[in-house]
There are 10 protein chains.
Amino acid sequence: MLFMVQMQVNLPVDMPADRADKLKADEKALAQQLQRDGKWKELWRVVGRYANVSIFDVESNDELHTLLSSLPLFPYMDIEVTALARHPSAI
Amino acid sequence: MLFMVQMQVNLPVDMPADRADKLKADEKALAQQLQRDGKWKELWRVVGRYANVSIFDVESNDELHTLLSSLPLFPYMDIEVTALARHPSAI
Amino acid sequence: MLFMVQMQVNLPVDMPADRADKLKADEKALAQQLQRDGKWKELWRVVGRYANVSIFDVESNDELHTLLSSLPLFPYMDIEVTALARHPSAI
Amino acid sequence: MLFMVQMQVNLPVDMPADRADKLKADEKALAQQLQRDGKWKELWRVVGRYANVSIFDVESNDELHTLLSSLPLFPYMDIEVTALARHPSAI
Amino acid sequence: MLFMVQMQVNLPVDMPADRADKLKADEKALAQQLQRDGKWKELWRVVGRYANVSIFDVESNDELHTLLSSLPLFPYMDIEVTALARHPSAI
Amino acid sequence: MLFMVQMQVNLPVDMPADRADKLKADEKALAQQLQRDGKWKELWRVVGRYANVSIFDVESNDELHTLLSSLPLFPYMDIEVTALARHPSAI
Amino acid sequence: MLFMVQMQVNLPVDMPADRADKLKADEKALAQQLQRDGKWKELWRVVGRYANVSIFDVESNDELHTLLSSLPLFPYMDIEVTALARHPSAI
Amino acid sequence: MLFMVQMQVNLPVDMPADRADKLKADEKALAQQLQRDGKWKELWRVVGRYANVSIFDVESNDELHTLLSSLPLFPYMDIEVTALARHPSAI
Amino acid sequence: MLFMVQMQVNLPVDMPADRADKLKADEKALAQQLQRDGKWKELWRVVGRYANVSIFDVESNDELHTLLSSLPLFPYMDIEVTALARHPSAI
Amino acid sequence: MLFMVQMQVNLPVDMPADRADKLKADEKALAQQLQRDGKWKELWRVVGRYANVSIFDVESNDELHTLLSSLPLFPYMDIEVTALARHPSAI
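These remarks concern the structure in this document. (Residues numbered from 1 in each chain as written. Chains lettered and ligands numbered in written order. Predicted model: local features only at pLDDT ≥ 70, side-chain atom pairs only at ≥ 80, totals over all residues. Heavy atoms only, no water.)

**A short note on the relation of the copies chain G and chain A**
- With an RMSD of 0.0 Å, the operation that places chain G on chain A is a rotation of 180° combined with a shift of 0.0 Å along the axis. Each copy turns onto its partner about a two-fold axis.
- Same-surface contact between copies: 100% of interface residues of chain G are shared with the interface of chain A. (Least-squares fit on C-alpha atoms with pLDDT ≥ 70 in both. Contact = heavy atoms within 4.5 Å.)

Structure below.
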């Protein structure tokens, strides 16, 4: 079941660099694990923003929330979720 | 799997009364069937608007879109869908 | 009398963990008490957000405000209230 | 129980004058009856707009929706409802 | 001359309690004086928010601004003013 | 007493030219009379839009609404009114 | 080069059914051809709306505009384009 | 003196094709004349929309409004004007 | 050449009083000088807000930006600029 | 390939002056280098705001994101990117 997830990251500009680096490294590791698991199906950067557009493939709404709220950057992100369905013109 | 669905109905003010009545009767019949089926779990009127707040309980995003787009009033509605998950404080 | 209440929690990202944990525990205890009392009728998490959609069943507007403003997280929340009525198609 | 109700009237600019006049006269008659009944407690015009700000005093959400949806101009209005409570500084 | 005034209070969440209490007490005292003077004609709480809807009855725009900017909470409020006129259907 | 009034004109694109011309001529005549009367103190065109920014000098909110709603283009305009006060730095 | 394209279709509710059917059939045929060509890489339905989220893979901005403006439904759509870049955490 | 002008064209979908073609041809002729005159300095299409971003170089606000309001598509456009100044980092 | 300039001042609520007073005094002195110079033609307070509506009369966009960015409160203001032209109905 | 890029700079008002000066000097140096390279084709100040409107000419979305995210002020900016295409009326 597919969802478009749009994440805007808002790190405080005065966060110490090592704290920010640690968060980003942890985020990257988990994001890549979720991609390898087939859960985080697509991940693109929005040009000009510290933001991404993603496609998640999950079993349920609950699984999606569990994944998103486990991301290290979750407390710093503004997230919008859009439920997707199969399009009748998709081949 | 639960979704909040907010529907705002925008019937053209010049639609002939019998056409509007037929649409509303068909909508009501289907809405009640879906409630009896356990798919359309909750249905409330928004005070002061020709709009409702609903809770749907479906197997998948595809099922939800199929249900919503089969509603007779679908071409006249502005619909917003919000995916819901279990809340950790819910009893 | 039913109201949809949408709560978005905005805890400061630099709040000490123990202070945040205490607030959340107190919030949870009160939320569960209000559910047991039949006042907080439904409580769902919005997928991807530190937010909820709730249904309250209260005697009056005053009672609803008293309940909401007594929540430990009240000073950190952005709350929207929507008055609900019985829908003519509800069974 | 008090509610602020904001009504913006959007009559089609090509509605025949006699149809518009009839609607407005019916609206006025009902509005004045509801004021005499103590339900429509306050009614002010918004300067520069075909709009009003009103205070309703009703028993329940259901009663408020019944009143509002019975207004002859209801199909032509965009209505926003705000639940009000007693203010601790009100004398 | 009537105005609807909508005030949203945004106290910093880290303001010391005694400073907040003093501000609120001063605000209340002045609000009640202005009500007794017939200037602050109506004052309601918006359910679920630290906000109010008010009706002011003043001689002029200048008097209204003088009153509002003298409120102790003025630096912490987001205020919207709407000029009101007599409604032709008001009794 | 001063008010900023912003008027956006939305004439239907299919209005017959002679009807539009008549409306505009009547609007212009009244606008110029109100300027000569000292009520419509300033009148500027917004560059690139069929819109204006105006300053009205009136005795009361009621007078302002009476003037604005008497304009021939009133049914085709979206109007916003902002109450102005004397600025402490104005000379 | 990837772009997210969000298309909201707004067909007039009074369009004759055969005209609408012809437009949709032509749209579908072209959409499927563009998918087979590898230009229209992904195509999903937004649940509850006559809208889609798409990913296009094109050589240039000009090519993207040429493709989008050639769609039979283009005059009836509200389209938003978001430029995407490779995400550093994408595998 | 430079201005960014953003024009969104909203032709009625039921405008007869020859009327639309005539309007567009006239618009194009004037747009090209203004470019040759050095007034309409830059003209770009917004990808995916019947809209443009333009840079105008004019002597005054009045000249800009005269140019824009003389465009054949002016009654069908929503136009936003942004005044530009020299940037201190521009070479 | 006339421009409407709308300035909203957002001083940090924790700015020391003497720093705020100095800024405001400097702002006032410059604002009054610009009024005497005929550049800052009108200056009104927006009722209920720490904001103003102003009319500037300048030679060019560059001059306007130079004036606005030289204001002591410039770093604390949100400014919107609207280019104005002569209105055909202005006398 | 052209893009309009709109950058709004939001430096914290309490950033030490030397830190801000260093950031701005570095930004200026890179902005001028990118202009000399033909990548940052146009750069204008928005009158009244610490913001710019720019035109970038790049090979790809990825190149644009790399350029923008390398700007020293990137963490302090809100950036919007609009893909541009050749306009059929451009000469």
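Alright, that's what it looks like, and here's the rest.
**Observations regarding the nonpolar core**
- With 56 residues, the main nonpolar core has H:Phe3, H:Leu68, I:Phe3 and I:Leu68 as its most contacted residues.
- Sequence-distant contacts of I:Leu68, that is, excluding residues within four places in its chain, are made with I:Val5, I:Met7, I:Phe56, I:Phe74, I:Ile79, I:Val81, J:Val47 and J:Gly48. (Core = buried A, V, L, I, M, F, W, Y, C linked by side-chain atoms within 4.5 Å. Buried < 20%, exposed > 50% of the residue type's maximum accessible area, 1.4 Å probe, protein only.)

**Here's the deal with the interface of chain G and chain A**
- With 27 residues of chain G at the interface, the matching set in chain A holds 27 residues.
- Here chain G packs against chain A, burying approximately 2400 Å² in sum over the two surfaces, 66% of which is carbon and sulfur.
- Counting every contact that joins chain G to chain A gives 14 residue pairs in polar contact (both at pLDDT 80 or more).
- Listed by contribution, the elements that provide at least two residues to the side of chain G that touches chain A are β1 (2-9), α1 (17-36), β2 (40-46), β3 (51-57) and β4 (77-86) of chain G.
- A breakdown of the residues in the side of chain G that touches chain A according to their chemical character gives 15 nonpolar, 7 polar and 5 charged.
- Of the pairings in the sheet, the one linking strand β4 (residues 77-86) of chain A to β2(G) comprises 3 bridges and is antiparallel in character. Within β2(G), the residue paired with A:Leu84 across the bridge is G:Val46. (Buried area = accessible area lost by both parts, 1.4 Å probe. Polar contact = N/O pair within 3.5 Å; in protein donor to acceptor, adjacent residues only side chain to side chain. Helix = DSSP H or I, 4+ residues; strand = E, 2+ residues; numbered from the N terminus. Nonpolar A, V, L, I, M, F, W, Y, C, P; charged D, E, K, R; others polar. Pairing = 2+ DSSP bridges.)

**Structural notes on the environment of H:Pro75**
Residue and element names in this part refer to chain H.
- Relative to the helices and strands, Pro-75 resides in the loop between α2 (61-69) and β4 (77-86).
- Here Pro-75 falls in the exposed class, since its relative accessible area comes to 52%.
- Placed 65 residues apart in sequence, Pro-75 and Asn-10 show a C-alpha to C-alpha distance of 9.1 Å.

**Some words on the sheet that holds strand β1 (residues 2-9) of chain I**
- Strand order around the closed barrel formed by 8 strands is β1(F)-β3(F)-β2(F)-β4(I)-β1(I)-β3(I)-β2(I)-β4(F), with antiparallel pairing between neighbours. Across this sheet, the average inter-strand angle for adjacent strands is 35°, counted without regard to direction.
- The strands touched by helix α2 (residues 61-69) of chain F within the sheet are β1 (2-9), β3 (51-57) and β4 (77-86) of chain F, with β1(F) carrying the most contacts at an inclination of about 25°. (Axes fitted to C-alpha atoms, helices over the stretch in contact; angles between N-to-C directions.)

**Some words on the interface of chain D and chain C**
- Contact residues are listed per partner, giving 12 residues for chain D and 12 residues for chain C.
- Interface area for chain D against chain C, summed over the two sides, is near 810 Å², with a carbon-plus-sulfur share of 60%.
- Here chain D and chain C share 0 salt bridges between them.
- Along the contact surface separating chain D from chain C lie 6 residue pairs in polar contact (both at pLDDT 80 or more).
- Ranked by residue count, the leading element in the side of chain D that touches chain C is strand β4 (residues 77-86) of chain D, at 4 residues.
- Here the residues of the side of chain D that touches chain C sort into 6 nonpolar, 3 polar and 3 charged. (Salt bridge = Lys/Arg side-chain N within 4 Å of Asp/Glu carboxyl O.)

**Examining a negative patch on the surface**
- A cluster of acidic residues, A:Asp14, C:Asp14, E:Asp14, I:Asp14 and J:Asp14, forms a negative patch at the surface.
- Using a relative accessible area of 66% as the deciding quantity, one classes A:Asp14 as exposed. (Patch = residues over 30% accessible without salt bridge, like charges linked within 9 Å, V, L, I, M, F, W, Y side chains within 5 Å. Areas by Shrake-Rupley, 256 points an atom, 1.4 Å probe, with all protein chains shown as cover. Lys, Arg positive; Asp, Glu negative; His and termini not counted. Charge placed at Lys NZ, Arg CZ, Asp CG, Glu CD.)

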